Structures are given as C-alpha cells and as structure tokens.
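What follows is each chain in one-letter form.
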Amino acid sequence: ATGSVVATPAQYDAEYLSPVSIGTPAQTLMLDFDTGSSDLWVFSSETPKSSVQGQTVYNPSKSSTAKKLSGATWKISYGDGSSSSGSVYTDKVTIGGLSVSNVAVESAQKVSREFTAEADLDGLLGLAFSSINTVQPTQQKTFFDMAKPSLDSAVFTADLKYGKAGKYNFGYIDDSAYNGSLTYTAVDSSNGWWMFTSPGYAVGSGTLDSTSITGIADTGTTLLLVPSSVVTTYYKQIRNARYDSSQAGYVFPCSTSLPSFTYAVGNSQIVIPGKYINFAPVDSAGSSCFGGIQSDEGIGFSIFGDVALKAAFVVFDGSQSPRLGFASK
Ligand SMILES: CCCC[C@H](NC(=O)[C@H](Cc1ccccc1)NC(=O)N1CCOCC1)C(=O)N[C@@H](CC1CCCCC1)C(O)(O)C(F)(F)C(=O)NC
C-alpha cells in the first residue's frame, strides 16, 4: 500500500498542515505532521470548550470503529513550551488513501494556551520513532510504524515547499519529485529522533566550512537552529543584521537580499536560497524581519526544521537500519 497527502503551509510557512481522516464515518482533521515527536493527538469532544477556539474536534463516540484504550493516558511538552495531555482511543486512520486500523488516537483533555490560539491546527501526527511515544502504561506505535507492514516500502518522504503546498508520501519514493540523485546518511535513533550529522556548511557562494552539525530532521520545527558559531558566521555577511534581544533572535531590514545557506549531506549539498531565510516581519510596520536561521543554544543538538527541509526532497527510511535521504529539487 501507499499514501500521498498535501502539506499546506500556514502563517509564513511556520507550520504545514495535512488532512487526516479518523474513524467511521470519517472525521477529517488538519494535523501537523511532526518528525520531532511520536504522539498522534487531536482536539476532541473531551477538550474543554474554553480551550477550543476554531479547531475541528474528533468525537470517538460518533465513530463505530473507536475503542477506548482503558487506563491509558498521555502527556507531552514541546521545545517551544507548549503542552497537551489526555486519554487514548484506537481507531481507523486514513491518510491520502492509506488506511490503518487500530491506530492510537490520543484525545486531548488539556491543551496549553499556545494550541488554543492555533485555530487551524487540530492536532499533531508524530513521525519520530515510537520509542518516544508518551502513552502510559503501554507505549503506543506511531501511524508510520502501524502502517509499515502494509507499505510497499518502509519509507515516508517529506516534500515541503516555500509558500506553497508540498506533499508527504508513504510507502514509495517519487523519483520525479527531485533532481539528480538521493544521498543517504546514517541516522542515530537512540534518542527517538531522526538524528544525523551534516559534515559541513557554507554561506552564500563561499567555500564549505568543515564544521559538522549534528541535529534532527524535524518537520515540526519552523526554523533552522544551529550552533551560535554558525549563526554568527551567517549574519556577519549581512550589513544591517543584528541580534534583537526582545525578539531573542537575529533580525534584519525586510528589504535585505540574503545570502544562501548550504548544508552538506554525505558528499552532496543542499542549498537553502536566501529568500527562505527571511522568515517573517517582527513588527506590523514590516520594517525588520526575523531570520530563518537561529541558534540551537540550550537544546543540546541542532534542528533542521522546515527552513532547511523545504530546500530538499527528504526520505525518512524506516527499514531495519533507518537512514535519511536528501536530494535537491
Ligand atoms: C527547541 C525548539 C523547538 C521549537 C519547535 N516549535 C516551533 O518551531 C514552533 C512551531 C509552531 C509553528 C506555528 C504555530 C505554533 C508552533 N515555531 C516557533 O517556535 N516559531 C518561533 C520563531 O519563529 C518561527 C515560529 C517545537 O517545539 N517543535 C515540536 C513540534 C511543534 C510543537 C508545537 C506545535 C507545532 C509542532 C517538535 O516536536 O518538533 C520538537 F521536536 F521540537 C519537540 O518538542 N519534540 C518533543
């Protein structure tokens, strides 16, 4: 089996949302596919009304295939300080024509105010490794792990785009979606993430600096978060760029034309065009803009978020020895 679903950007490409059908008859919610976590959780009929502001909710009592996972609970907190928790059902989940039964659907009984404020996000679909799923007392598998036995190939691909809809495919690699060839690189999944090491980077047309960057391929993080030394080197090239402590990041005049940023994968390279690195205006006047490359200070590793991933076609290979494939497009 295979599946293919659109990934639509929201708010300056801050997140990408995809339709997911849950239950019988189908209840379709817009979920953020997140390779940085492993819980499929949704706004639901159990979410306090005061916490629901525009989201579509999943109602398990209206699904003939829903079953309560009795005694199971979940609780997750994310790097940006948001969090959610609740109860667990199993139900049929369909993504882009690919149906999987008995998937753990985590029903939110609590969501932090950041989620309430995100009217277009109805939940998350975790695509990191099942080893970091938060359901207790019995950890649950991700949609991808549940789908694997029926997939033509144990892979999914992310083809995110700048300012327009991209795609997530399951079970196959669409060779027409990228240029040249895929370069694969080893994954360290010991912490539950798609972690890899990029052997070097370059700014603009400069030569490759062989400073390696170890980080996670994370569709759920908006920006490219790298070591401060790399951030300083990048913004040094931009005359009016400055660190704005009130924004906790580098900003520059929105009219600035930005140098590209290249990250190496194995012995090939992915070039992020400069325009991808102008994330969004920081003020309504639109005079200063927030950079798409910021520091990974305090995280413990780098994060290749959407700013980096949307410059590539990315294969998440979940075979016996997981690996990541990157190609330019
Ligand atoms: C350490 C820095 C990581 C920050 C990262 N969050 C982000 O990158 C959020 C995503 C977002 C976009 C739109 C609206 C709301 C949230 N964006 C964000 O903080 N910004 C602020 C800076 O400008 C860009 C947008 C994160 O927590 N990513 C989560 C998944 C998100 C959680 C919040 C909802 C959207 C998904 C993650 O799973 O990818 C994780 F790996 F970081 C994680 O925390 N795993 C446990």
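The preceding data block contains the structure.
Taken as a whole, the largest pocket encloses approximately 1100 Å³ of empty space. Along the wall of the largest pocket there are 31 residues; nearest its centre are Gly79, Asp80, Gly220, Thr221 and Thr222. Listing elements by their share of the lining of the largest pocket, those giving two or more residues are strand 3 (27-34), strand 5 (67-77) and helix 1 (113-116). For the lining of the largest pocket, the per-class residue count stands at 15 nonpolar, 9 polar and 7 charged.

This part takes up the pairing of strand 14 (residues 213-217). As a general feature of sheets, a regular strand has side chains that alternate between the two faces. Most of strand 14 sits out of view: 4 of its 5 residues are buried. Looking at chain direction, strand 12 (residues 195-198) and strand 14 are connected through 4 bridges and run antiparallel. Opposite Met195, over in strand 14, you have Ile216 as the bridge partner. Two strands pair when backbone bridges link them, and strand 14 and strand 23 (residues 302-304) are joined in this way by 3 bridges, in the parallel orientation. Pairing of Gly215 across the sheet is with Ser302, part of strand 23.

Inspection of the secondary structure puts Asp296 in the loop between strand 22 (293-295) and strand 23. No salt bridge is formed by the buried Asp296. Its closest oppositely charged neighbour is Lys236, at 17 Å. Polar side-chain contacts of Asp296 include one of 2.7 Å to the side chain of Ser302. Not counting residues within four places of it along the chain, the set of residues in contact with Asp296 comprises Leu225, Val226, Pro227, Ser228, Phe301 and Ser302.

Okay, the site of the ligand next. Every one of the 20 residues lining the ligand counts as a neighbour, but Asp34, Gly36, Gly79, Asp218 and Thr222 are closest to it. In this structure, an oxygen atom belonging to the ligand sits 2.7 Å away from a main-chain N or O atom of Gly79. Take Thr221: an N or O atom from its side chain is 3.3 Å from a nitrogen atom of the ligand. In terms of residue class, the shell around the ligand is made up of 7 nonpolar, 7 polar and 6 charged.

It is worth spelling out helix 3 (residues 228-235) at this point. Along helix 3, the residues that are buried comprise Val230, Val231, Tyr234 and Tyr235. Along the long axis of helix 3, the arc covered by the buried residues comes to 120°, so they all point the same way.

The tally for this structure, following the rule as stated, stands at 27 aromatic pairs. On the numbers, 5.7 Å between centres and 25° between planes, the contact of Trp41 with Trp74 is stacked. One end of the pair, Trp41, is in strand 4 (residues 40-42); the other, Trp74, is in strand 5, with 33 residues separating them in the sequence. On the accessibility criterion, Trp41 (0% relative accessible area) is buried. By relative accessible area, which is 2% here, Trp74 ends up buried.

The rules we used
- Residues numbered from 1 in each chain as written.
- Predicted model: local features only at pLDDT ≥ 70, side-chain atom pairs only at ≥ 80, totals over all residues.
- Heavy atoms only, no water.
- 1 Å grid on protein atoms, 1.4 Å probe; cavity = no way out; pocket = protein on both sides within 12 Å on 5 of 7 lines; lining within 4 Å.
- Points joined across faces, edges and corners; volume = space filled by probe spheres on them.
- Helix = DSSP H or I, 4+ residues; strand = E, 2+ residues; numbered from the N terminus.
- Nonpolar A, V, L, I, M, F, W, Y, C, P; charged D, E, K, R; others polar.
- Buried < 20%, exposed > 50% of the residue type's maximum accessible area, 1.4 Å probe, protein only.
- Pairing = 2+ DSSP bridges.
- Lys, Arg positive; Asp, Glu negative; His and termini not counted.
- Salt bridge = Lys/Arg side-chain N within 4 Å of Asp/Glu carboxyl O.
- Polar contact = N/O pair within 3.5 Å; in protein donor to acceptor, adjacent residues only side chain to side chain.
- Contact = heavy atoms within 4.5 Å.
- Near = heavy atom within 4 Å.
- Arc of directions from axis to C-beta.
- Phe/Tyr/Trp six-rings, centres within 6.5 Å; stacked < 30°, edge-to-face > 60°.

Don't take any of this as a statement about function, it's just geometry.
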